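Survey of secondary and tertiary structure
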Amino acid sequence: MELRLTANKKSRELLQKNIDYYGKWNQLSKAVSELNELIDAISIDLDTWEEEDTKNTIDEIADVIIMCQQLIMIFGIEDDVKERIKFKLERQRQRIKNKNRSD
Ligand SMILES: [Mg+2]
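Given the structure is predicted, the values throughout are model-derived calculations rather than measurements. (Residues numbered from 1 in each chain as written. Predicted model: local features only at pLDDT ≥ 70, side-chain atom pairs only at ≥ 80, totals over all residues.)

**Some thoughts on the overall build of the protein chain**
Quick note on the threshold: Secondary structure elements are defined from DSSP: runs of H or I of at least 4 residues count as helices, runs of E of at least 2 residues count as strands, and each element is numbered from the N terminus. Note that the radius of gyration is over C-alpha atoms, with the globule rule given as 2.2 Å times the number of residues to the power 0.38. With C-beta atoms placed from the backbone, a residue is labelled by how many other C-beta atoms lie within 10 Å of its own: buried for 20 or more, exposed for 12 or fewer, partly exposed between the two. Two residues form a contact once the distance between their C-beta atoms, set from the backbone, is within 7 Å.
In terms of regular secondary structure, the protein chain is built from 4 helices and 0 strands. Element order for the protein chain, N to C, with α for helix and β for strand: α-α-α-α. For 103 residues, the compact-globule formula gives about 13 Å, and the C-alpha radius of gyration of the protein chain, at 17 Å, lies well above that figure. With the principal axes as the frame, the protein chain shows a C-alpha extent of 55 × 35 × 25 Å. Every one of the 103 residues in the protein chain was classed for burial, and the buried ones make up 7%. A separation of at least 24 residues holds for 69% of the contacts in the protein chain among residues at least 6 apart in sequence.

**Focus on the packing of helix H2 (residues 24-47) against helix H3 (residues 55-75)**
Condition: Axis lines are fitted to C-alpha atoms, over the contacting stretch for helices. Their N-to-C directions set the angle, which ranges from 0 to 180 degrees. Here roughly perpendicular refers to angles of 65 to 115 degrees, roughly parallel to angles under 35, roughly antiparallel to angles over 145, and oblique to all remaining angles. Less than a right angle of anticlockwise turn of the near helix away from the far helix marks a crossing as left-handed, whereas a clockwise turn marks it as right-handed.
Where H2 meets H3, the closest approach of the two axes is 9 Å, and the angle between their N-to-C directions is 150°. The pairing of H2 with H3 is recorded here as roughly antiparallel in orientation. Seen along the crossing, H2 lies across H3 with a hand that is left-handed. Of the residues in H3, those touching H2 at Lys 24, Gln 27, Lys 30, Ala 31, Glu 34, Leu 35, Glu 37, Leu 38, Ala 41, Ile 42 and Asp 45 are Asn 56, Thr 57, Glu 60, Ile 61, Asp 63, Val 64, Met 67, Gln 70, Leu 71 and Ile 74.

**Quick word on the environment of Ala 7**
Looking at the element boundaries, Ala 7 is found in the segment before helix H1 (9-22). Here Ala 7 falls in the partly exposed class, since 16 other C-beta atoms lie within 10 Å of it. Separated by 59 residues in the primary sequence, Ala 7 and Ile 66 place their C-alpha atoms 8.6 Å from one another. Discounting chain neighbours no more than four positions away, the residues touching Ala 7 are Arg 12, Leu 15 and Gln 69.

**Description of the environment of Lys 9**
Mapped onto the fold, Lys 9 is located in helix H1. Sequence spacing of Lys 9 and Gly 76 is 67 residues, and the spatial spacing of their C-alpha atoms is 15 Å.

**As for unusual backbone geometry**
Of note, the phi angle at Glu 52 is positive, near 50°, even though the residue is not glycine. Tracing the backbone through its elements, the reader meets Glu 52 in the loop between H2 and H3. Classification of Glu 52 by C-beta neighbours within 10 Å gives exposed; the count is 7.

**A closer look at the packing of H1 against H2**
In a packed pair of helices, the relevant descriptors are the angle between the two axes and the axis-to-axis distance. Note the cut-off: Only Asp, Glu, Lys and Arg are considered charged, only Ala, Val, Leu, Ile, Met, Phe, Trp, Tyr, Cys and Pro nonpolar, and every remaining residue, Gly among them, polar.
It is at 6 Å that the axes of H1 and H2 come closest, and there the two elements cross at 110°. With respect to their mutual orientation, H1 and H2 come out roughly perpendicular. The residues of H2 that touch H1, namely those facing Asn 18, Ile 19 and Tyr 22, are Lys 24, Asn 26 and Gln 27. Split into classes, the residues belonging to the contact of H1 with H2 amount to 2 nonpolar, 3 polar and 1 charged.

**Things to note about the confidence of the model for the protein chain**
Applied cut-off: Confidence scores here are pLDDT values: one per residue, from the predictor, ranging 0 to 100.
Mean pLDDT over the protein chain works out to 93, with 98% of the residues at or above the 70 mark. The secondary-structure element of the protein chain with the lowest mean pLDDT is helix H4 (residues 78-102), recorded at 94, while H2 shows the highest, at 97.

This is the structure we're talking about:
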């Protein structure tokens, strides 16, 4: 499975300009803000489940993905994150497989 966690070259250049302009610490702080905004959006979705209005959640997911891409660039951890995603997905696949066997 091939995972791409960071944007294409042109977008990566823009993200790097963002990091250079605002600074790494500020971008980490911004990531916290964006994650909180996504938590708020999901909480509203949970409270208004029947309405299926996910417009705000889509916006906040986009913000969080952009910030996560910057975090990966700031820490230089793309391969490490990919490895952990693969590990966690495989672990979950095994859990489901084992559960289905025991049902
Ligand atoms: Mg936001």
